[in-house]
Amino acid sequence: MEGQYSDKVMEHFRNPRNVGEIADADGIGNVGNPVCGDIMRLYIKVDPKDEIITDAKFKTFGCGAAIATSSMVTELVKGKTIEEALKISNHAVAEALGGLPKIKMHCSVLAEQALVGAINDYLKKHGKPPIAKNFKDEHEA
Ligand code: FES
């Protein structure tokens, strides 16, 4: 299986960035994939002045691709506005990792869902309506 993964996926799996929790997080996204049972929790810190995501951390109980995509999504969102972060698709996360095997694309969907969950949690806390986003569940396992 290892041979199917890009060097970047393996590197983020072995040395994931931003693992942990943010105690005073402004938004938390909790998601799980009912098919494989993997779960992901993503924390964001948002500057309310300009709605820029200043920090992001994650805790993932899942496969190597779930850990690598969690790591990458936390790297991608830092410094972005909420609006910009919402444009990050699972494909963008997978691409930033040098691609994922087809049967592992659903792991990147989990990362996208966790991000949107965290942003919606932030919006809810600020009395704003949540964002509805269509996720393509590409689970093929
Ligand atoms: Fe479930 Fe990767 S196998 S997220």
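Residues numbered from 1 in each chain as written. Predicted model: local features only at pLDDT ≥ 70, side-chain atom pairs only at ≥ 80, totals over all residues. Heavy atoms only, no water.

S.K.: Account for the pattern of salt bridges, naming residues and giving values.
M.R.: Under the definition given, this model contains nine salt bridges. Ionic pairing is found between K78 and D55, a salt bridge with its closest N-O pair at 3.9 Å. Taken together, the residues span a long stretch of sequence, with K78 in the loop between α2 (64-77) and α3 (82-85) and D55 in strand β3 (residues 52-61) at a distance of 23 residues. Assessed through its relative accessible area of 32%, K78 is described here as partly exposed. Exposure remark for D55: the relative accessible area of 23% places this residue in the partly exposed category. The residue D121 makes a salt bridge to K125 at a minimum N-O spacing of 3.2 Å. Linking D121 with K125, this pair stays in helix α5 (residues 105-125), spanning four residues, or about one helical turn. Sharing partners across several salt bridges, the network here consists of D24, D26 and K45. (Salt bridge = Lys/Arg side-chain N within 4 Å of Asp/Glu carboxyl O. Helix = DSSP H or I, 4+ residues; strand = E, 2+ residues; numbered from the N terminus. Buried < 20%, exposed > 50% of the residue type's maximum accessible area, 1.4 Å probe, protein only.)

S.K.: For the sheet that holds strand β1 (residues 27-32), give the residues involved together with the corresponding values.
M.R.: Across the sheet, three strands lie side by side as β1-β2-β3; this open sheet has antiparallel pairing. The sheet terminates laterally at β1 and β3, the two strands that pair on one side only. Averaged over all pairs of adjacent strands, the angle between their axes in this sheet comes to 15°, without regard to strand direction. Taken together, the six bridges between β1 and strand β2 (residues 39-47) define a ladder with antiparallel strand orientation. Across the sheet, G29 pairs through a bridge with L42, a residue of β2. Packed on one face of the sheet, α2 meets β2 and β3 and runs near 170° to β3. Contacts from α5 reach β1 and β2 within the one sheet, and its direction differs from that of β1 by about 145°. (Pairing = 2+ DSSP bridges. Axes fitted to C-alpha atoms, helices over the stretch in contact; angles between N-to-C directions. Contact = heavy atoms within 4.5 Å.)

S.K.: Give me unusual backbone geometry: which residues, what numbers.
M.R.: Unlike most non-glycine residues, N18 shows phi in positive territory, near 60°. Mapping N18 onto the fold places it in the loop between α1 (7-14) and β1. Located in the positive-phi region is E51, a residue other than glycine, with phi close to 55°. Along the chain, the position of E51 falls in the loop between β2 and β3.

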